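# Close look at the chain arrangement
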Amino acid sequence: MKARYILSSLLLAGTVMTSCTDLKEHLYDKVSMNDYGKNETEISTIVGGAYATLRGYGSGTPEGNGVNCYPTCEYVFFTSECSSDEACIPTRGTDWYDGGRYQQLQYHTWDAQNTGVLSIWRYNFTGVSKVNGIIYQVEKSELGEESKKIAEAELRGLRAYYYYNLLDNFGNVPITTDFTESELPKNSTRQEVFDFIEKELKEVLPLLPAGIQYGRFTQNVAYTLLARLYLNAEVYTGKARWQDCLDACDKVKGYSLTPAYKASFAIENQGSTEIIFAIPYDHKQGTVGNYLASMTYHYNQKYAFDPAGVYQWCGNGICAQPGVYSSFEENDVRRSSLLIGQQYNVATGAEVLMDNGEPLNYTEDIKNFENAAQNEGARLDKYEWGPTDAWERDNDWVLMRYAEVLMMQAEANYRLGYEQNALSYINQIRKRAGLPDLTTLTIDALDKEWLHEFVFEGLRRTTNIRFGTFFDAWWNKPAEADRHTGIFPIPEEEMEKNPNLVQNPGYK
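Residues numbered from 1 in each chain as written. Predicted model: local features only at pLDDT ≥ 70, side-chain atom pairs only at ≥ 80, totals over all residues. Heavy atoms only, no water.

Counting its secondary structure elements, the chain contains 15 helices and twelve strands. Its C-alpha atoms give the chain a radius of gyration of 23 Å, near enough to 23 Å, the size a compact globule of 508 residues would have. Taken along the three principal axes of its C-alpha coordinates, the chain extends 70 × 55 × 50 Å. Across the 508 residues of the chain, 60% fall into the buried class. Partitioning the intrachain contacts of the chain with sequence separation of at least 6 by distance along the chain shows that 68% fall at a separation of at least 24. A total accessible area of about 19,800 Å² is found for the chain, and carbon and sulfur atoms account for 50% of it. Placing the 47 positive and 69 negative side-chain charges of the chain at their respective mean positions leaves the two points 3 Å apart. (Helix = DSSP H or I, 4+ residues; strand = E, 2+ residues; numbered from the N terminus. Rg over C-alpha atoms; globule rule 2.2 N^0.38 Å. Buried < 20%, exposed > 50% of the residue type's maximum accessible area, 1.4 Å probe, protein only. Contact = heavy atoms within 4.5 Å. Areas by Shrake-Rupley, 256 points an atom, 1.4 Å probe, with all protein chains shown as cover. Lys, Arg positive; Asp, Glu negative; His and termini not counted. Charge placed at Lys NZ, Arg CZ, Asp CG, Glu CD.)

What follows is the structure, encoded as structure tokens:
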């Protein structure tokens, strides 16, 4: 049989997760199927390579088309956060206009040409394609059938994660599982995508690793993803699945809230008792795509961080919308996830100045979204920083943590009418935040707790849609009578490449 070569443009460099911080790059560029993948050790490295897809890809790759598509910074994360009531990227003079894409996100006027929307599509479908390729490689290996099923379980789980993102963002997307399929795919309905994800997760669950295994798609990760799916089921399918959400949450075992809220966002956060699923990063091992924190601080923030003033460049971009910082109670420890106020030179104690000579004093208010001052907007300050940080940060990026399981249990119980049960879960989170217990619970209080606990973690858009607030008027955004913006349009470039695709309702 002719050897099949797996090109590096299709299969990302494999990252073996042998421990929390041992990230070793194995390049499978033109590796013959006849030469590799003959035993379980070799297969484990191939499977491990699938996890590297979570970091996304950059503009240096052919599919990038000049668009950085990393999940933890520009485009993918920005698009999700800035379409919610949590974050924005103001135009600051000539900075951050970028063709108007961030203004479109703020006003909910995006179209099929928005590059942020394109990036969400490509990030997730590139992940699907690469995982499908690795599944093909496993299937063609010399492993026994049972060993193949076990190896493929994690891959199918990871693919289900990408499809959950596609379900949430686009709804009606093609389902592709065959690496050798050459026919252009057609849209599946949102219900069909939902059913596919649910079926995949249920089928692989018995074969997934049990217990806590950092950085791997385990049974705990699968149950957490199922809980997310059921929590939003009414949005996705029209049918609520609150009890199914609770049942999935009950099966997540072995985790606890860290005593300190920010412990899960430390530079060395791999030891957190709360993290269920994360993307490992270590810039010394060449990992890329984790520079979100560098994109929020002002250019001269370096003087407040590094005595020598040679801290990595900052982009002065994404910030909180006005009203988010002040919505926290003063003694809520989570408020420190956002940075406001005057910044001081760590070496001299003097005020840090902006380039125009005015003090670098971050304000919550943004007076003019389309022509904002450089110091306006509370900055993301959730992930720990250090004076020797590189541009690519070493904090592992948190995708799922135990606090989310508790919040899903609180919300599902509340919506089922079990208010006391809901309070027992939400008050665990409030206690860690330094806040008194709630004795009654309202839908607004529940929504606010989601905002405060997960500020700048990429969950807010989905929460807005589930609570119905996504379509309301908020700071610098009008109310929407037409709710088609609950899903994004299929990108125009993808429509042009695949005539079998049908555009989502409400978009041209």
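By the definition in use, this model includes 32 salt bridges. For D244, the salt bridge is made with R241, and the minimal N-O distance between the two is 2.4 Å. Taking relative accessible area as the criterion, D244 reaches 28% and is therefore assigned partly exposed. The salt bridge involving R334 is made with E453; its shortest N-O contact spans 2.9 Å. With a gap of 119 residues between them, R334 in the loop between β7 (319-320) and β8 (338-339) and E453 in helix α13 (residues 443-453) connect regions that are remote in the sequence. Comparing R334 with E453 shows no difference in burial state: the two are buried. (Salt bridge = Lys/Arg side-chain N within 4 Å of Asp/Glu carboxyl O.)

With their axes 11 Å apart at the nearest point, helix α11 (residues 402-415) and α13 run at an angle of 170 degrees to one another. On the basis of the axis angle, α11 is roughly antiparallel to α13. For the pair α11 and α13, the contacting residues are A403, E404, M407, M408, A410, E411, Y414 and R415 in the first and I443, L446, E449, W450 and E453 in the second. Its residues placed into classes, the contact of α11 with α13 shows eight nonpolar, no polar and five charged. (Axes fitted to C-alpha atoms, helices over the stretch in contact; angles between N-to-C directions. Parallel < 35°, antiparallel > 145°, perpendicular 65-115°, else oblique. Nonpolar A, V, L, I, M, F, W, Y, C, P; charged D, E, K, R; others polar.)

A few words now on the side chain of N232. The residue N232 is located in the loop between α7 (219-231) and α8 (233-237) in this model. Each residue touching N232, except ones within four places of it in the same chain, is listed here: Y164, T462 and R466.

Let us now look at the environment of Y102. With respect to the helices, strands and loops of the structure, Y102 is situated in helix α3 (residues 101-107). A residue is classified by how much of its surface remains accessible, and Y102, at 2% relative accessible area, is buried. Once the C-alpha coordinates of Y102 and W397 are considered, the two residues, 295 residues apart in sequence, prove to be 23 Å apart. A polar side-chain atom of Y102 sits 3.5 Å from a polar atom in the side chain of R101. (Polar contact = N/O pair within 3.5 Å; in protein donor to acceptor, adjacent residues only side chain to side chain.)

So far we have only geometry, and geometry alone does not tell us how the molecule works.
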